[in-house]
Amino acid sequence: MKINTVSVLLTYYREKYHLSQIQLCDGICSITTYSRIEQGYREVDSLTSQTLVERIGKHVLEFELLLNEVDYHRMVLREKINQELKKENYTEADRLLEQYRNIMPGEEILHRQFYICGKAQIELYADVDKEKAVEMLKEALHLTKPEDNVREEQLYSEIEIKTAFLIACFETDEERAEKEMLKLLNFIGRYCSNSDKERLGLPILRKLIGMKQEKQDDVALVGYLDRAICVISESNGIAELAELHFQKAKALERLYRIEEDWDEQTVRPPHFKQCIEECIMAYHVADVMEFDSLREKIRKFSGEQLKWQITE
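Residues numbered from 1 in each chain as written. Predicted model: local features only at pLDDT ≥ 70, side-chain atom pairs only at ≥ 80, totals over all residues. Heavy atoms only, no water.

## Re the packing of helix 11 (residues 194–215) against helix 12 (residues 218–233)
Then, number 1: At a closest axis distance of 9 Å, the pairing of helix 11 and helix 12 adopts a crossing angle of 160°. Classed by the angle they form, the pair helix 11 and helix 12 counts as roughly antiparallel. Considering the relative orientation of helix 11 and helix 12, their crossing is left-handed. Along the contact surface, helix 11 presents Lys 197, Glu 198, Leu 202, Leu 205, Leu 208, Ile 209, Lys 212 and Gln 213, while helix 12 presents Ala 220, Leu 221, Tyr 224, Leu 225, Arg 227, Ala 228, Val 231 and Ile 232.
Then, number 2: Considered class by class, the residues forming the contact of helix 11 with helix 12 number 11 nonpolar, 1 polar and 4 charged. (Axes fitted to C-alpha atoms, helices over the stretch in contact; angles between N-to-C directions. Helix = DSSP H or I, 4+ residues; strand = E, 2+ residues; numbered from the N terminus. Parallel < 35°, antiparallel > 145°, perpendicular 65-115°, else oblique. Left-handed = near helix turned anticlockwise from the far one by under 90°. Contact = heavy atoms within 4.5 Å. Nonpolar A, V, L, I, M, F, W, Y, C, P; charged D, E, K, R; others polar.)

Spelled out as structure tokens, the structure:
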């Protein structure tokens, strides 16, 4: 195993981000074990290495994490389980999880976390028992992030992000749910690459956007739409930009109609131009992506609500 790759990576980014060793290893391993990992003296399995590296928003090639043949078998099985969950093949995922339980180290909390989180997702998405599933998710998360953890700046592995997000989605207290999701977004925004910001951050932003649309909170909605647009603009994908710009235009139009109580015969509000710009951006992205139906909705909205025609 090329443990030096992991030790150098952890040391470099921990110092770059001014993090302490305890911040990185909190809930994963002891400070003594972590110190030996950084020094390259202690070999740990691929799941431990992967989790530590993810807590600084980074990745390394899987073969660089491997410890031995048994570790390789576990890693391959984890990947298969994740693929089956993604494809919503819950029966097969459950079968593989039971295989994993039989070969995972009994005392290793990260392996238990992976197993419990997988079982919880099956319960949740197969609509078996959502209340039980959420309790299982909390159990999984608290293995590495206890409830009494009041550390100001939280670092997250990908499984911790996924688990905390799922818990927040089923939280009845919307203010608390939003607070937890913002913690996740702050970590992703600071430490993750642009592609990971899109992969991990966009689902959270979509949920927050949906919450604000449901509450008709257009001020907060515009803020989250801006964040989502920024994330996509910095990545390689543009497919969602048209819809996001269009949603922002509609939110702006609602806000400024209320604030200014204007119509086409009066002086237009100061942010009318911004609303038009969002429509133009949405229209042209929809045109490039050949989203004909969305393009016509934007044109119709512009003409009827803003009394302004988009030209080709």
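Next comes the rest of the description.
## Side note on the packing of aromatic side chains
Then, number 1: Counted under the stated rule, the structure contains 7 aromatic pairs.
Then, number 2: Ring geometry for Tyr 12 and Tyr 13: centres 4.9 Å apart, planes at 85°, overall edge-to-face.
Then, number 3: Directly above the aromatic system of Tyr 13 lies the positively charged group of Lys 58, at a separation of 4.5 Å from the ring centroid.
Then, number 4: The positively charged end of Lys 145 is found above the aromatic ring belonging to Tyr 156, 4.8 Å away from the centroid. (Phe/Tyr/Trp six-rings, centres within 6.5 Å; stacked < 30°, edge-to-face > 60°. Lys NZ or Arg CZ within 6 Å of the ring centre and 35° of its normal.)

## Concerning the nonpolar core
Then, number 1: Counting 95 residues, the largest nonpolar core has Leu 10, Ile 81, Ile 161, Met 181, Phe 187, Ile 204 and Ile 298 as its most contacted members.
Then, number 2: A total of 9 residues in this core trace back to one element, the largest contributor, which is helix 13 (residues 241–260).
Then, number 3: Sequence-distant contacts of Ile 298, that is, excluding residues within four places in its chain, are made with Phe 246, Cys 279, Ala 282, Tyr 283, Ala 286 and Ile 310. (Core = buried A, V, L, I, M, F, W, Y, C linked by side-chain atoms within 4.5 Å. Buried < 20%, exposed > 50% of the residue type's maximum accessible area, 1.4 Å probe, protein only.)

## As for a negative patch on the surface
Then, number 1: A cluster of acidic side chains, namely Asp 173, Glu 174, Glu 175 and Glu 214, defines a negative patch on the protein surface.
Then, number 2: Tracing the sequence through the fold places Asp 173 in the loop between helix 9 (158–169) and helix 10 (174–191). (Patch = residues over 30% accessible without salt bridge, like charges linked within 9 Å, V, L, I, M, F, W, Y side chains within 5 Å. Areas by Shrake-Rupley, 256 points an atom, 1.4 Å probe, with all protein chains shown as cover. Salt bridge = Lys/Arg side-chain N within 4 Å of Asp/Glu carboxyl O. Lys, Arg positive; Asp, Glu negative; His and termini not counted. Charge placed at Lys NZ, Arg CZ, Asp CG, Glu CD.)

## Some words on the layout of surface pockets
Then, number 1: Counted as a void, the largest pocket has a volume near 1200 Å³.
Then, number 2: Taken together, 37 residues make up the lining of the largest pocket; nearest its centre are Asn 82, Glu 158, Ile 159, Lys 162 and Arg 199.
Then, number 3: Only helix 4 (46–54), helix 5 (69–86), helix 7 (109–125), helix 9 and helix 11 provide two or more residues apiece to the lining of the largest pocket.
Then, number 4: It is helix 5 that provides the largest number of residues to the lining of the largest pocket, a total of 8 residues. (1 Å grid on protein atoms, 1.4 Å probe; cavity = no way out; pocket = protein on both sides within 12 Å on 5 of 7 lines; lining within 4 Å. Points joined across faces, edges and corners; volume = space filled by probe spheres on them.)

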